[in-house]
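A closer look at the structure
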Amino acid sequence: MDRPEMDQYSTLFSEEPPAPTPAPPWEIENQGGGAGYLTGAAGALLGALVGAVPWFFISTFTGFFVGWLGFLIGWAAAGGYQKFRGARKSGYAGIVVFLCSVFAIVAAELGSWMYVLCTDPEWQADAAYFQIPVAQLAWESLLMPENLPQVLPSMVIGIIIGGLGILSARQKLLAYTDLERAARRAQSIVAQTAAAQRSAAASAGTGMPLPQEFTLRLKSSAHKVGYVCIGLAGVFFLLFLGIAVGFETWDALPVGGVLSLIILAEGFLILRLNGRYGLRVEGERMRFVPRIGPEREFTVQEIGWVKVSNSMTRTLYSRDGQVLAKLNANLENMILLNQYLNEHQVPLRG
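The sections below set out a description of the structure shown in this document. Position numbers for residues count from 1 along each chain, tracking the sequence in the order it is written. Owing to the predicted nature of the model, reporting of local features is limited to residues with pLDDT of at least 70; listing and counting of side-chain atom pairs is limited to 80 or more, with chain, interface and lining totals taken over all residues. As a rule here, side-chain values come from all non-hydrogen atoms in the structure, and water together with hydrogens is ignored.

**A look at the environment of Ile270**
- With respect to the helices and strands, the residue Ile270 is situated in helix H12 (residues 252-276).
- Separated by 46 residues in the primary sequence, Ile270 and Lys224 have C-alpha atoms spaced 9.4 Å apart.
- Residues within four places of Ile270 in sequence aside, it is in contact with Val225, Gly226 and Cys229. What counts as a helix is a DSSP run of H or I of at least four residues, what counts as a strand is a run of E of at least two, and both are numbered from the N terminus. Pairs of residues are marked as contacts when any of their non-hydrogen atoms sit within 4.5 Å.

**A few points about the nonpolar core**
- Formed by 25 residues in total, the largest nonpolar core has its most connected members in Met286, Ile303, Leu327 and Leu337.
- For this core, the elements supplying multiple residues, two or more each, are strand S1 (213-217), strand S2 (278-282), strand S3 (285-289), strand S5 (303-308), strand S7 (323-327) and helix H13 (334-343).
- Per element, the largest residue contribution to this core is four residues, and it comes from H13.
- In these notes, a set of buried Ala, Val, Leu, Ile, Met, Phe, Trp, Tyr and Cys residues joined through side-chain atoms within 4.5 Å is what counts as a nonpolar core. Burial status follows relative accessibility: with a 1.4 Å probe on protein chains alone, a residue under 20% of its type maximum counts as buried, one over 50% as exposed, and anything between as partly exposed. Ranked by size, the runner-up nonpolar core spans 20 residues in total, among them Ala77, Val96, Ile105 and Ala108.

**Quick notes on the packing of aromatic side chains**
- Aromatic rings from Phe, Tyr and Trp, with only the six-membered ring used for Trp, were paired whenever their centres fell within 6.5 Å, and each pair was classed as stacked if the ring planes differed by under 30 degrees, edge-to-face if by over 60, and tilted otherwise. The tally for this structure, following the rule as stated, stands at seven aromatic pairs.
- Centroid distance Tyr81 to Tyr176: 6.3 Å. Interplanar angle 85°. Geometry classified as edge-to-face. Of this pair, Tyr81 sits in helix H4 (residues 69-83) while Tyr176 sits in helix H9 (residues 170-177), placing them 95 residues apart in sequence.
- Tyr81 gets classed as buried once you look at its relative accessible area, which sits at 0%.
- Judged by its relative accessible area of 8%, Tyr176 is buried.
- Judged by centre distance (5.2 Å) and plane angle (80°), the rings of Tyr129 and Phe130 are edge-to-face. The burial state of Tyr129 is the same as that of Phe130; both residues are exposed.
- Chaining the aromatic ring pairs together yields one cluster made of Tyr37, Tyr81, Tyr92 and Tyr176.
- Geometrically, a lysine NZ or arginine CZ counts as sitting over a ring once it is within 6 Å of the ring centre and also within 35 degrees of the ring normal. Lying across the ring of Tyr176, Arg88 places its NZ or CZ 4.1 Å from the centre.
- The ring of Tyr277 is capped by Arg291, whose NZ or CZ atom sits 4.4 Å from the centre of that ring.

In structure tokens:
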């Protein structure tokens, strides 16, 4: 007799202990000396500089300042650190990624100013008049106290947003630098899922069905980035207002107002997208609402299998291999969905 589909679902989260290994993976991969400190720093710097390229081009050739690109720089630095197999030290990785991001933001902003000034015919004429290189004239002018209010605000904003990018990439960076912690987290999720399977089996035997309707939605912590952006919008506006009053440079205030409105809009957009994201289960019918894109409705019979990634993200596939829904692991009521899939004998694949 063929084994039922439910067995495949249950064995994915087997409670049997894994076979012993000579050493945990985090111990093995940390062997090999301190080369990882240098390669990690090089990778983070290269990633940050690559992430700063859009900042440089947009700032230089369009005249616009797009502060959220600092977010991209933080992610790129973290990705570069991982790609170059940096040392698996969380504290060192965080410091290196932050410093490389700050360096890339400062380099991109100063590089943009230098390019604009050095290619300006009037600055070239002034440099020829003083008989000095135009690059020297531009650099010395940027460092003059009266010009700093025009240069520093964008750098400060970029650094703050870059820091937010690093914070958002923190879990991914920790998954690389702290394998033991990542393993414990994965084991915890597996244990919760296994408990859900036992609960589902018990409810089937006692005649206690799952709720006919329930909703999977993001936890309240997922909305923090949106609230942080809204708070930063007010901080940035006050910062520009202080600069305008303190240095009597009122021309910077409209720029600050526009940037604050952009960050404010980003915050509300994040809250809006995260607020609509989720899966509604009503009997055998499901309605999935992605962050971006149209809603999708389908029945549980249309689900061919569910793939579980290393991050415990669930992807629901149709019988012909089309993606029906992709669900984050931190959604509320995920255990109810596990029970629901188990009762309907939907197979899981790792």
